[in-house]
Every structure is written in structure tokens, then in C-alpha cells.
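# Coordinates in review
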Amino acid sequence: MHNPYDELIRDVRIFLESLSAELGKDITNYLNSVTRAPPNYGYLAIPVHGLIREYGNLEEVINKVPKPRLISRVLLINGYLNIDVNINEYANLVLGAVNSLGEKYGVSDKCPRASYIIEHTSANPAKPMHIGHGRNAALGDSLARLLRFCGSSVRVHFYVNDCGDQMPYVGIGYYVVKDLVLSRVKSGVKPDEVIGEVYSITYAVTEIKRLSKQIEQLSNEGKYDEANKLIGERDEWVSVINNFLNRDRELTESLIKGLGKFEDLPLMIKQWSRAYEEGDEFVRKVIREAVDLVLRGFRATLDRLGVYFDSWDFESEVAVDNGGVSRVINELLTRAPQYVEREDGALIFRADKYAQDLGLWDELRLPRYIPKATLLRSDGTSLYLTRDIAYALWFWANFRFDALIRVIGSEQTHPQAQLRLALHAMGYHELARKIMHYSYEMVNLAGMKMSGRRGVYVTLDELINETKSRVMDLVKSRFTPEEADKVAEAVAVGAIRYSFVSVSPNKPLTFSWDKVLNLRQNSGPFIQYTYVRANSIIEKAGVVPRLTNIPSNIAGEEKELVLILGEYPEVIAKAAQDLRLEYITEYVNRLSLLFNSYYEKYPVLNSEPGIREFRLNLVNAVRTVLGSAMEILGIPRLSRM
RNA sequence: GGCCCCGUAGCUCAGCCAGGAUAGAGCGGCGGCCUCCUAAGCCGUAGGUCGUGGGUUCAAAUCCCACCGGGGCCGCCA
């Protein structure tokens, strides 16, 4: 496999081996501390302060030792071995590899090659996806693309959480205003948007009814302080309703009117919840209809972002209907009865005790604190965690995989730990080890807290549309309307995906329009722009001539470009091993900065013969590597922008 | 209170896992560059007690300890 940087390191090793022989001591472990040398000091550097202390001046020995093919010079400065590259040889190697491999360049034997299942995004089918799901989707999808690029087999799953507590609200609300919802959808409103409103309004109405009842009761008992507290709470929900009245009077009023017919809405919610889990035909049909509408909306949004799934797993099917939940309970009771307790009729798994007794912290990568886990409510219904365990078993029964990567917010650290512990307790040790919680921190609104139930959030659609319209201002003068639309969409998607994936996932991300709408350097559009420039040169050239000769005096920028291009397979391997996509955005930004700087300074098409051929190959290599990285990051490629 | 994550330039972040030479980018600021392959670009410039205090080391943004500050979780929600 072609990994120029690795070949260079092999030569460094050879050099160190020769040096070892000369010194009579194995110093090849210094290979682990190879770093980049500062500008003008060559390419690589190895700190050898210890060696100098031990052997005094090393210069003589260094000069005595022959230099392997790819190394042009080794100098001892400030306690460092500064190693420079034989750039002609190396350029041949790098450009040759890129030319012959094309878009496959970057794959090396350091890439993990295994079989993965990635579950990501998995937004609750009750309301439109918000920007937090955007982060999740961008991470999950790019991880999938990265691992696939490496030659791994990857299946991508979306877990449709159709048994959650919010589903009866969606179902009942939808049932009440079904005709209105469908006519809205027919007239072009996004289905997830309509259902989202239905959900929020239904939830608010239910809360108001529930609180009113409590308030009445407390007042009758003379507990006015407590009643007043709840009145404040109720007022908040009333103001939510008022907001919706301003936004969509027709829908809100129909819902209030329709829901008003129900005697005890809070009770009805509970009944629907149970009925859904038990497979009641009518309730199933209504909720599934609403869920399908939401998913239709999800798909439209995810399509725009270039995010695709191999499978949409309905919780009701993979965890409930197949008897998954009862199997979880039974196996746990059989295999680890001493860790299962009853508490007020509810069934509790003592995950805390289990972790403590078996000391599984390292093996299952657990936090030091584990809460107890409730698996069944006192009314016998299951909880999310229980169904999640069943879902894991469903994967185990239906697929073979080396790792199951689940992209889930960090706020679920404890439940995800409980999940692994429960599986372990049930005897699925291997499965428990293979499940990886790929955690990411929240996306916050500057100064605001997002709340789905209160309808306070920036949706992914708004994000895409707003970014697109900003881009549109820039491109509308340059293209026909249809072209402009395509370009604006592609640039918006590039901007959004880059901005999500360029920040380390374990950093909380404060969402700001300024940041996303920055279309300059260190952004998706900057990468796209650089690609367009490189691409445009290649298109104008028509063909990339065969590289027969590397000019003897290539420019400093050209040398830098060759070096960075040679690092690509290393970056990919590292990113794939560590599952860190920021390595790729960082790399691609560095490459773009360098290339743009080169582009401004040196003509390619109009350069002298001999030079021209080399430069075209170099530009083509930049284009290829940029294109490859963009594919992984999901940043659309354009030929004009 | 316990557990997890974070703290680096006015702002957003990279670098920390595998310690090494003057701590890097971008945004924003200031000053320049379009008869020439797309100026969404390029060049220059200002801007930093790497949260604080100890420790380990020839060497600490990086490793260890304590503390401070921010976010998240600690539900018969997801």
C-alpha cells in the first residue's frame, strides 16, 4: 500500500539502525519521537538530547553513516537530528502514488479494516431535527465514509424511537387534526414540521390540563403556596400555546378544540403509550402514520446533507414485537438474579453493584459512577434502556461486526454504560465490549437553551436554508437561476458539514450564525473554492502529461506541497484509528492554505515546458487529495462556484 | 455532593493520548494586492500569565496532584 510518509520513516529507521551499529546501542526507539522540524531546518526532527549527554558530540558519527535514498541531509542542531528529504526522489514517490492510485490514494495498510455498524442521528420522530442532530449526522456519516474509504465494511443504521414517551402525544394530536395535517403536507409544508407543531401543542395542552387538575386539588386542600407554584408553571405552557396561536392559528385552534373533547387527556396519553407497546392495532396505525410522515421529512433533510442510511430500525419492531424486551428481562433474571431487584413494583438492574463487584471499568470503558437502572415501570411497561438492550441483541442476532459505533450525545453516558453492563450481566461479554458510545457534546444556542417541547430550537432545515440564502447572494449574479441554486445548496452543505466536523466532538459547540456563515478560510467553502481552482487548471490543461522528470530546483511551496501530499495516508490512518474527523479538516485546511498561496505566486498553464508538466502533476495531486478528503467529509465538489 | 467533558490571542478552535527548538490556524482589527489558471483568494501587521498553584523531568500547553471556573448527567424521560 502506498504511504510515502511511511516509506520515508522506514528510511529514517534504516538510518537509525546504521547509527545504532556505529554507537553500539539500539536507538531505533527514537523513531517514536519523530516530529516536524521548524521551517528551514529540514522536514523531520528527532530530539536526541539524551544521546548527546551519553555520547558527547555525535556529528562525526552522523556524517559517517550513509543516508538512505529518501534522506538528503541530517544535521545536528540544538540537540535535534534535523532530517531533510531528498525531495526529487520523494516527489516521484508521492506524485507517482497519487497518479497511479487516483482517488484510492490515502488508503494504507495502517487503515483499520474491519466490519462496523454505525448507528447515528436517530432523532425522535416527533419533531423536526435540530442543529444538534446536524452534528450527530455529520459525525456519523463522515465516520462511515472514512471507514468505508479505508476498506472496511460499514452498515449505517437509524434507530427510530417510536416507543418513546412523546409518541402518544404525536399520535393523539395527529388523530385529532389528521385532515389538516395531510392538506398542509399536500400543499408542500414539510411533514416533520407540521407534526412537530402538533406534538408541541398537544404536549402543552396536556400539561395545562394536568396542572389545572392538580391546582384545583391543591386549592381545595388549602395548599395555596404549592398551587401558586404550579400556576406559574401552567402560565408558561399557556404562553407556549399563545406563541403557536400567533404562528399557526388554524392548526392550534383545531387541536385545542379536538383535544378538548377528551375527558382525561393525561390518562389517555398513558393508555396510548401502553397500547402502542402492546401492539394495539388502532393506536399502532395512527402513530405509525404520524411517524412515517416525520421520517419522510427527516429523509428529505438528510438527503440534502448527503447523509444516507442502510437501515431504519423501528424500536417497536426490533425491540418489542420480536419479544426482545421480555427476553432481556428473562435472561437477566436467569443469568444475574442477584443483581435484579424489585422496588415498588418496578424492576431494577443494579448496574452499580454489578460494575463494582466485577470491576469492569477498563474492560467496558465505564465511568466511575453508575446509577441503578430501571428496566420495567411498576405498571409493567418498558423503558428506553430496556428496549435499547433488546436492540443491541437484535444487532447481535442479525449481523456480524467487529464494532458497533453509536453516535449519541454525552448526556447519555450513564445509560450507555448501563446498557453495556446489562449485556455483560446477561452473558454477552463480547457484545458488551464491541459496543462503543461515540460521544459528542451538546450544541447550544448562544444565550438560549433549546427545548423541543417548548418549540425553542433552530431546525436543521432552517440552518440549511439560511446558509443557502446567504450563499445565494454571492452567486446569483454569476450563474443562471438553476445553476445558482445548485451551487448555493452545495456550498451551504459544505459549510455546514465542515463546521460540525471540524470541532472535536467532546467540546460543547455554541452555535452561532457568524461561524457557520463564515465562508472564508477554515471553512467548507474555502476547501470547495480551492478545489475549484485546482480543478479549473486541470480542465483547462485538458490532459495531465505523464510525469517524466522532477525539475531540479523546485520552489519552496512546491516542496511543501509534496511533503503534505505525502502525509495524506498517514492522516487518514490516524483519523480512522482514533475516529477523529478533525484531523482531516485540519489537514485539508492546511493543504488549501498552502495551495492557494502557491496558486497566487506561480503560473501553471503558462509555465515553461518541463516545469509545466511537473506543476500540472502537482496540481492534479492536490485536486485528487482534496477531492478524496471532501468525499469523506461529505463536502460536495464543484467545478465552478 | 458524586461522575463525565471542557478551560490555549478580543471571539471560535488546533496542538495534549505517545513531554522537546521562537505555542499554531481562522474570525474580527489595521495596511496592502485583481491587464495574468475563479479576489469565497493572497501578502504584511498587531494580538497569548496555554484557568491557578504545586510536583515529576535535562525539558511541561502536554504527565501527576490539588484547587478555581463553565457545561452535562446522577428520572418508573429519551
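Residues numbered from 1 in each chain as written. Chains lettered and ligands numbered in written order. Predicted model: local features only at pLDDT ≥ 70, side-chain atom pairs only at ≥ 80, totals over all residues. Heavy atoms only, no water.

Right, let's talk about helix α10 (residues 249–260) for a bit. Over its twelve residues, α10 runs 16 Å from end to end, which matches the ideal 16 Å to within 8%, given 1.5 Å per residue. Residues Leu251, Thr252, Leu255, Gly258 and Leu259 constitute the buried set of α10. Relative to the axis of α10, the buried residues are bounded by an arc of 140 degrees and lie together on one face. (Helix = DSSP H or I, 4+ residues; strand = E, 2+ residues; numbered from the N terminus. Expected span 1.5 Å × (residues − 1). Buried < 20%, exposed > 50% of the residue type's maximum accessible area, 1.4 Å probe, protein only. Arc of directions from axis to C-beta.)

With that settled, consider helix α20 (residues 481–501). Across its 21 residues, α20 extends 30 Å between first and last C-alpha, which sits within 8% of the 30 Å expected from 1.5 Å per residue. Judged by how many residues are buried, α20 sits mostly within the fold: 16 of 21 residues are covered.

Now for the pairing of strand β6 (residues 153–160). Counting buried positions over the eight residues of β6 gives six, a clear majority of the element. With five bridges joining them, strand β5 (residues 115–119) and β6 adopt parallel strand pairing. Counted as the bridge partner of Glu119 is His157 from β6. Crossover β5 to β6 through helix α5 (residues 131–149) is right-handed. For β6 and strand β7 (residues 311–314), the ladder comprises four bridges, and the chain directions are parallel. Residue Tyr159 lies in a different strand from β7, and its bridge partner there is Asp313. (Pairing = 2+ DSSP bridges. Right-handed = clockwise from strand over helix to strand, strands pointing away.)

This part takes up the sheet that holds strand β2 (residues 44–47). Pairing within the open sheet is antiparallel, and its four strands lie in the order β1-β2-β4-β3. Both outer strands of the open sheet, β1 (35–36) and β3 (71–77), are each paired with one neighbouring strand and no more. The strands that helix α1 (residues 4–23) touches are β2, β3 and β4 (80–85); relative to β2, the one it contacts most, it runs at about 40 degrees. (Contact = heavy atoms within 4.5 Å. Axes fitted to C-alpha atoms, helices over the stretch in contact; angles between N-to-C directions.)

The phi dihedral of Thr121 falls on the positive side, at around 65 degrees, and the residue is not glycine. Relative to the elements of secondary structure, Thr121 occurs in the loop between β5 and α5. For Ser122, which is not a glycine, the phi torsion comes out positive at approximately 40 degrees. Tracing the backbone through its elements, the reader meets Ser122 in the loop between β5 and α5. Residue classification places Ser122 among the buried positions, given a relative accessible area of 16%.

Looking now at the protein's contact with RNA strand B. Lining the immediate environment of RNA strand B, one finds 73 residues, of which Tyr80, Asn161, Lys507, Gln521 and Tyr529 sit closest. Protein-adjacent atoms of RNA strand B, using a 4 Å cutoff, are sugar or phosphate at a proportion of 62%. For RNA strand B, a base nitrogen lies 3.2 Å from a polar atom in the backbone of Glu343. Measuring from a phosphate oxygen of RNA strand B, one finds a side-chain N or O atom of Arg377 at 2.5 Å. (Near = heavy atom within 4 Å. Polar contact = N/O pair within 3.5 Å; in protein donor to acceptor, adjacent residues only side chain to side chain.)

Attention now goes to the nonpolar core. Residues Leu16, Leu19, Tyr90, Phe349, Leu421 and Leu423 are the most contacted members of the largest nonpolar core, which totals 218 residues. The contact partners of Leu421, leaving out residues within four places of it in the chain, are Phe349, Ala351, Tyr354, Ala355, Leu360, Leu364, Leu366 and Ile370. (Core = buried A, V, L, I, M, F, W, Y, C linked by side-chain atoms within 4.5 Å.)

Bringing the pairing of strand β11 (residues 403–409) into the picture now. Extensive coverage of β11 is indicated by the burial of seven of its seven residues. Burial along β11 is two-sided: the face carrying Ala403, Ile405, Val407 and Gly409 and the face carrying Leu404, Arg406 and Ile408 are both buried. Alignment of β5 against β11, held across four bridges, turns out to be parallel. Residue pairing across strands places Ile118 opposite Ile405, the latter belonging to β11. Examined bridge by bridge, β11 and strand β12 (residues 435–440) share six bridges and lie parallel to one another.

Turning our eyes to something else, we now look at the packing of α5 against helix α23 (residues 556–578). One can describe the packing of α5 onto α23 by two numbers: an axis separation of 10 Å at closest approach and a directional angle of 125 degrees. Between α5 and α23, the crossing angle belongs to the class labelled oblique. Classified by chirality, the crossing of α23 by α5 is left-handed. Packed against α5, whose contacting residues are Leu146, Leu147 and Phe149, the element α23 presents Ile572, Ala575 and Ala576 at the interface. Here the contact of α5 with α23 is built from residues that sort into six nonpolar, no polar and no charged. (Parallel < 35°, antiparallel > 145°, perpendicular 65-115°, else oblique. Left-handed = near helix turned anticlockwise from the far one by under 90°. Nonpolar A, V, L, I, M, F, W, Y, C, P; charged D, E, K, R; others polar.)

The domain boundaries assigned to chain A delineate domain 1 (4–85), domain 2 (115–163 + 314–445), domain 3 (167–293) and domain 4 (475–633). Relative placement of domain 2 and domain 3: their C-alpha centres are 29 Å apart. Between domain 2 and domain 3, the residue contacts involve 17 residues of the former and 14 residues of the latter. Both faces combined, the contact of domain 2 with domain 3 buries some 1,300 Å², and carbon together with sulfur accounts for 55% of it. When the buried area of domain 2 at its contact with domain 3 is split by residue, Ala126, Pro128 and Asp162 rank highest and sum to 31% of it. Two residues, Arg284 and Asp321, come together in a salt bridge whose shortest N-O distance is 3.0 Å. The tally of links from domain 2 across to domain 3 stands at five residue pairs in polar contact (both at pLDDT 80 or more). Class assignment for the residues of the side of domain 2 that touches domain 3 results in seven nonpolar, four polar and six charged. (Domains from an automatic or database assignment. Buried area = accessible area lost by both parts, 1.4 Å probe. Salt bridge = Lys/Arg side-chain N within 4 Å of Asp/Glu carboxyl O.)

A separate point is the environment of Ala137. With respect to the element layout, Ala137 can be found in helix α5. Expressed as a C-alpha distance, the spacing of Ala137 and Cys163, which sit 26 residues apart in the sequence, is 22 Å. Contacts of Ala137, omitting those with residues within four sequence positions, involve His120, Thr121, Ser142, Leu302 and Val307.

With that settled, the discussion passes to the environment of Pro569. By secondary structure assignment, the location of Pro569 is in helix α23. With 483 residues separating them in the primary sequence, Pro569 and Asn86 have C-alpha atoms 19 Å apart. If sequence neighbours within four positions are ignored, Pro569 has contacts with His2, Asn3, Pro4, Tyr105, Gly106 and Ser108.

Let us look at the environment of Ala422. Note that Ala422 resides in helix α17 (residues 413–425). Residue class for Ala422 comes out buried when judged on its relative accessible area of 1%. Here the alpha-carbon distance between Ala422 and Tyr339, two residues 83 residues apart in the chain, equals 9.7 Å. Discounting residues that sit within four places of it in the chain, Ala422 has contacts with Leu332, Phe349 and Ile389.

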